[in-house]
Amino acid sequence: MACKKDHSKLQEIMSALPTDQGGVGRHKCAACAYEAGYEDGYKLDGSLSIDDVLANLDESQAGAQRHKSPHAAYALGYYHGVCQRINDDN
Ligand SMILES: [Zn+2]
């Protein structure tokens, strides 16, 4: 099922991601992958693997996130989540 979430706020970030239709997670929603990474990076929980995360995502929707690498999106979201957490701690 294609993702129906509003990813309008993430279009700029999605545009900067590499296009990747290969490997595990292809056709998954890269914007959702970013959000999941952000949350995991923010919490620094570490209980989920990226494969588990990607398996539970919806398929990609039209827009800047289409055909973008969900792995890169997750990693970038994770990075931003960690930065946000550090900022919140200070
Ligand atoms: Zn999505």
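Summarised in this report is the structure supplied together with it. Since this is a predicted model, take the numbers as computed values, not measurements. (Residues numbered from 1 in each chain as written. Predicted model: local features only at pLDDT ≥ 70, side-chain atom pairs only at ≥ 80, totals over all residues. Heavy atoms only, no water.)

## Remarks on the coordination of the zinc ion
Okay, so step 1: Protein coordination at the zinc ion: the donors are C3 (SG), H7 (NE2), C29 (SG) and C32 (SG), at 2.1 to 2.3 Å from the metal.
Okay, so step 2: Its four donor atoms give the zinc ion angles of 104 to 121 degrees at the centre, a pattern that matches the tetrahedral case.
Okay, so step 3: Each donor residue of the zinc ion belongs to the same chain, with the gaps between them written as C-x3-H-x21-C-x2-C. Separated by 29 residues along the polypeptide, C3 in the segment before α1 (11-16) and C32 in helix α2 (residues 30-43) bring together distant segments of the chain.
Okay, so step 4: When its relative accessible area of 5% is taken as the criterion, C3 is described as buried. (Donors = N, O, S within 2.8 Å, 3.2 Å for Na, K, Ca; no water. Tetrahedral: all angles 85-135°; square planar, octahedral: opposite > 155°, others 65-115°. Helix = DSSP H or I, 4+ residues; strand = E, 2+ residues; numbered from the N terminus. Buried < 20%, exposed > 50% of the residue type's maximum accessible area, 1.4 Å probe, protein only.)

## Quick word on the layout of surface pockets
Okay, so step 1: Volume-wise, the largest pocket comes out at about 170 Å³.
Okay, so step 2: Taken together, eleven residues line the largest pocket, and the ones lying closest to its centre are A36, D40, K43, L48 and V53.
Okay, so step 3: When residues of the lining of the largest pocket are assigned to their parent elements, the largest contribution, four residues, is made by α2. (1 Å grid on protein atoms, 1.4 Å probe; cavity = no way out; pocket = protein on both sides within 12 Å on 5 of 7 lines; lining within 4 Å. Points joined across faces, edges and corners; volume = space filled by probe spheres on them.)

## Re the environment of D58
Okay, so step 1: Summarising the element assignment, D58 is placed in the loop between α3 (50-55) and α4 (70-89).
Okay, so step 2: Distance in space between the C-alpha atoms of D58 and C29 is 5.9 Å, their sequence separation being 29 residues.
Okay, so step 3: Filtering out sequence-adjacent residues up to four positions away, D58 remains in contact with M1, A2, C3, H27, K28 and C29. (Contact = heavy atoms within 4.5 Å.)

## Thoughts on the packing of aromatic side chains
Okay, so step 1: Scanning the entire structure with this criterion turns up two aromatic pairs.
Okay, so step 2: An angle of 40 degrees between the planes, with centres 6.1 Å apart, marks the rings of Y74 and Y78 as tilted. Highlighted residues: Y74 and Y78, both in helix α4, separated by four residues, approximately one helical turn.
Okay, so step 3: Judged by its relative accessible area of 9%, Y74 is buried. (Phe/Tyr/Trp six-rings, centres within 6.5 Å; stacked < 30°, edge-to-face > 60°.)

## Looking at the pattern of salt bridges
Okay, so step 1: Counted according to the given criterion, the structure contains three salt bridges.
Okay, so step 2: Two residues, E59 and K28, come together in a salt bridge whose shortest N-O distance is 3.8 Å. Taken as a pair, E59 in the loop between α3 and α4 and K28 in the loop between α1 and α2 lie far apart in primary sequence, 31 residues in all.
Okay, so step 3: Using a relative accessible area of 31% as the deciding quantity, one classes E59 as partly exposed.
Okay, so step 4: Under the relative-accessibility criterion, K28 is labelled buried at 16%.
Okay, so step 5: Among the ionic pairs, D89 bridges to R85, the shortest N-O distance being 4.0 Å. Highlighted residues: D89 and R85, both in helix α4, separated by four residues, approximately one helical turn. (Salt bridge = Lys/Arg side-chain N within 4 Å of Asp/Glu carboxyl O.)

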